[in-house]
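# An overview of the molecular structure
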Amino acid sequence: MELLQNVHSYLAYVVLLVLILAVVNAIAGWAGNKMFTLQKDFRLSLFALILSHLQLILGLILYFVSTSGFKALQIVGMGNLNAQARLLAVEHPLINIIAIVLITIGWSRHKKFMEGKKKFKSITLFYGLGLLLILSRIPWGAWLN
Ligand code: HEM
């Protein structure tokens with residue numbers, strides 16, 4: 001469990017970095033009316049999708065083995081969680097699942113379009129919103145100390 005926690009914690013740097021790169025790249029492509037290339041744009045967005053799904057799977061397992069996850073809910077009950085505990089047991093998991101659903105929708109939608117501009121727009125909006133949601137519910141204190 002310690003190991004899983006560490007992997008989820010370190011992978012978070014990579015996931016956030018690659019998500020930020022994918023969003024910045026999509027904004028630049030959209031604004032600059034660029035061509036959507038297989039080598040760079042497709043790969044970068046796919047890489048961000050895969051990493052977020054990997055983090056989702058690790059998070060889901062962690063949720064059921066960690067004492068900060070579901071067990072906290074079982075032991076003290078929803079109403080007795082303080083803000084910090086509620087962040088880990090409720091808000092972080094729930095909001096991040098929604099964020100990854102959005103990222104997945106952005107990925108699927110981009111494939112339906114032929115035009116580069118529309119592809120970049122789909123990635124910008126859905127990955128961008130997903131990234132903001134993830135950033136809004138990171139347990140910053142626990143992570144960066
Ligand atoms: C891209 C999405 C995600 C990112 C970037 C992320 C990132 C993080 C970070 C930075 C921490 C703090 C680690 C530390 O204390 O060092 C954490 C903790 C945690 N995450 Fe996530 N997470 C994501 C998705 C999820 C999901 C989807 C779930 C569950 C369904 C989840 C469950 C948890 C749990 C239970 C903890 C607390 C672990 C513990 O302290 O024992 N995470 N996450």
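Anything mentioned here points back to the structure above.
What comes next is a walk through the structure. Computed from a prediction, not measured in an experiment: that's the story for all the values here.

A word on the coordination of the iron atom of the ligand. Taken together, the protein ligands of the iron atom of the ligand are His8 (NE2) and His92 (NE2), with distances of 2.0 Å. Each of the six donor atoms bound to the iron atom of the ligand contributes to angles spanning 87 to 179°, and the resulting shape is octahedral. Taken as a pair, His8 in helix H1 (residues 2-31) and His92 in helix H4 (residues 83-112) lie far apart in primary sequence, 84 residues in all. For the pair formed by His8 and His92, the shared burial category is buried.

Here H1 spans 43 Å end to end across 30 residues, near enough to the 44 Å set by a 1.5 Å rise per residue. Helix geometry: H1 is bent most strongly at Leu11, by close to 25°. Where H1 ends, the next residue or the one after it, Asn33, has phi of about 55°, a positive value.

Let us now look at the packing of H4 against helix H5 (residues 116-136). It is the contact of H4 with H5, at a shortest axis distance of 8 Å, that shows an interaxial angle of 170°. Between H4 and H5, the angle falls in the class roughly antiparallel. Residues Ile95, Asn96, Ile98, Ala99, Leu102, Ile103, Ile105, Gly106, Trp107, Arg109, His110 and Lys111 of H4 touch H5, and the partners they reach there are Lys119, Ser122, Ile123, Phe126, Tyr127, Leu129, Gly130, Leu133, Ile134 and Ser136. Among the residues forming the contact of H4 with H5, the class breakdown is 13 nonpolar, six polar and three charged.

Parameters at a glance
Residues numbered from 1 in each chain as written. Predicted model: local features only at pLDDT ≥ 70, side-chain atom pairs only at ≥ 80, totals over all residues. Heavy atoms only, no water. Donors = N, O, S within 2.8 Å, 3.2 Å for Na, K, Ca; no water. Tetrahedral: all angles 85-135°; square planar, octahedral: opposite > 155°, others 65-115°. Helix = DSSP H or I, 4+ residues; strand = E, 2+ residues; numbered from the N terminus. Buried < 20%, exposed > 50% of the residue type's maximum accessible area, 1.4 Å probe, protein only. Expected span 1.5 Å × (residues − 1). Bend = angle between axes of the 7 residues up to and from the residue. Axes fitted to C-alpha atoms, helices over the stretch in contact; angles between N-to-C directions. Parallel < 35°, antiparallel > 145°, perpendicular 65-115°, else oblique. Contact = heavy atoms within 4.5 Å. Nonpolar A, V, L, I, M, F, W, Y, C, P; charged D, E, K, R; others polar.

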